[in-house]
Amino acid sequence: GQNIDQPTEMTATEGAIVQINCTYQTSGFNGLFWYQQHAGEAPTFLSYNVLDGLEEKGRFSSFLSRSKGYSYLLLKELQMKDSASYLCAVYSGGYQKVTFGTGTKLQVIP
Amino acid sequence: DGGITQSPKYLFRKEGQNVTLSCEQNLNHDAMYWYRQDPGQGLRLIYYSQIVNDFQKGDIAEGYSVSREKKESFPLTVTSAQKNPTAFYLCASSIRIAGVYTFGSGTRLTVV
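Residues numbered from 1 in each chain as written. Chains lettered and ligands numbered in written order. Predicted model: local features only at pLDDT ≥ 70, side-chain atom pairs only at ≥ 80, totals over all residues. Heavy atoms only, no water.

A. Representation of the interface of chain B and chain A. Residue-level contacts link 22 residues of chain B with 18 residues of chain A. Of all residues in chain B, B:Leu43, B:Ala98 and B:Phe103 bury the most surface against chain A, accounting for 26% of the area lost on that side. One can count 0 salt bridges joining chain B with chain A. In this assembly, chain B and chain A are joined by 3 residue pairs in polar contact (both at pLDDT 80 or more). Elements with a minimum of two residues in the side of chain B that touches chain A: strand S4 (31-37), strand S5 (44-51) and strand S9 (87-94) of chain B. Looking at side-chain class alone, the side of chain B that touches chain A contains 12 nonpolar, 8 polar and 2 charged residues. (Contact = heavy atoms within 4.5 Å. Buried area = accessible area lost by both parts, 1.4 Å probe. Salt bridge = Lys/Arg side-chain N within 4 Å of Asp/Glu carboxyl O. Polar contact = N/O pair within 3.5 Å; in protein donor to acceptor, adjacent residues only side chain to side chain. Helix = DSSP H or I, 4+ residues; strand = E, 2+ residues; numbered from the N terminus. Nonpolar A, V, L, I, M, F, W, Y, C, P; charged D, E, K, R; others polar.)

B. The arrangement of the side chain of B:Arg36 in detail. Mapping B:Arg36 onto the fold places it in strand S4. Polar side-chain contacts of B:Arg36 include one of 2.8 Å to the side chain of B:Tyr64.

C. View of the environment of B:Val19. Residue and element names in this part refer to chain B. Structurally, valine 19 can be placed in strand S3 (residues 19-25). For valine 19, a relative accessible area of 10% corresponds to the buried category. Setting aside its immediate chain neighbours within four residues, valine 19 contacts Leu11, Arg13, Leu76, Thr77, Val78 and Leu109. (Buried < 20%, exposed > 50% of the residue type's maximum accessible area, 1.4 Å probe, protein only.)

D. Structural detail: the sheet that holds strand S7 (residues 60-65) of chain A. Residues and elements named next belong to chain A. Strand order in the open sheet made by the 5 strands is S1-S3-S8-S7-S6, with antiparallel pairing throughout. A single partner strand is all that each edge strand has here, and the edge strands are strand S1 (3-5) and strand S6 (53-57). Here the strands of the sheet are splayed against their neighbours by 15° on average, with no regard to which way each runs. Sheet topology places S6 next to S7; 5 bridges connect them, and they run antiparallel. The residue bridging leucine 54 from the neighbouring strand is phenylalanine 63, located in S7. (Pairing = 2+ DSSP bridges. Axes fitted to C-alpha atoms, helices over the stretch in contact; angles between N-to-C directions.)

As structure tokens, this is what we get:
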């Protein structure tokens, strides 16, 4: 089976940097995704990591260590609109086998 | 603009009734998916389809049925056999890489 762990909630201050961690246990790893989901809305794709290292995309960066089963999403220069849930998902094993974590609810405060 | 359209946004069902959730995409994506989201749980895969006239069960297919008669459309029927249907249902599509999804805006189904 697969297991994905993320913190349930986090709070950070506007303008600051926050790191959201995701650990996973799986076999046949193919890739890791991060999604942003505002309350009551659909998730939107943020990043996709296949190889170890850091992928930077504007204020958002995502890091992957396959040997440690670990990823993080880094959000810089936090804005109030970044208040949302951040979902970690792993693609592994069989075809189309994508497993989502329960998500981390981030609250950005002034 | 291309995208995925789900309808209705809110749906109320009486116990014992079947209901069908619509999902239409104009992205020309081959693969389409249905996920269910419950509070405190990750998205769970109900069904997926790689090509027209073919679909596969996901992790929680019991009590659900789908069809894929057209590339653009992937409707989901929630049958009376689904014992706990109240949830937020998300339709998604992908062009090639599983997991790189475009999601629809979702349908919130409530059993009354």
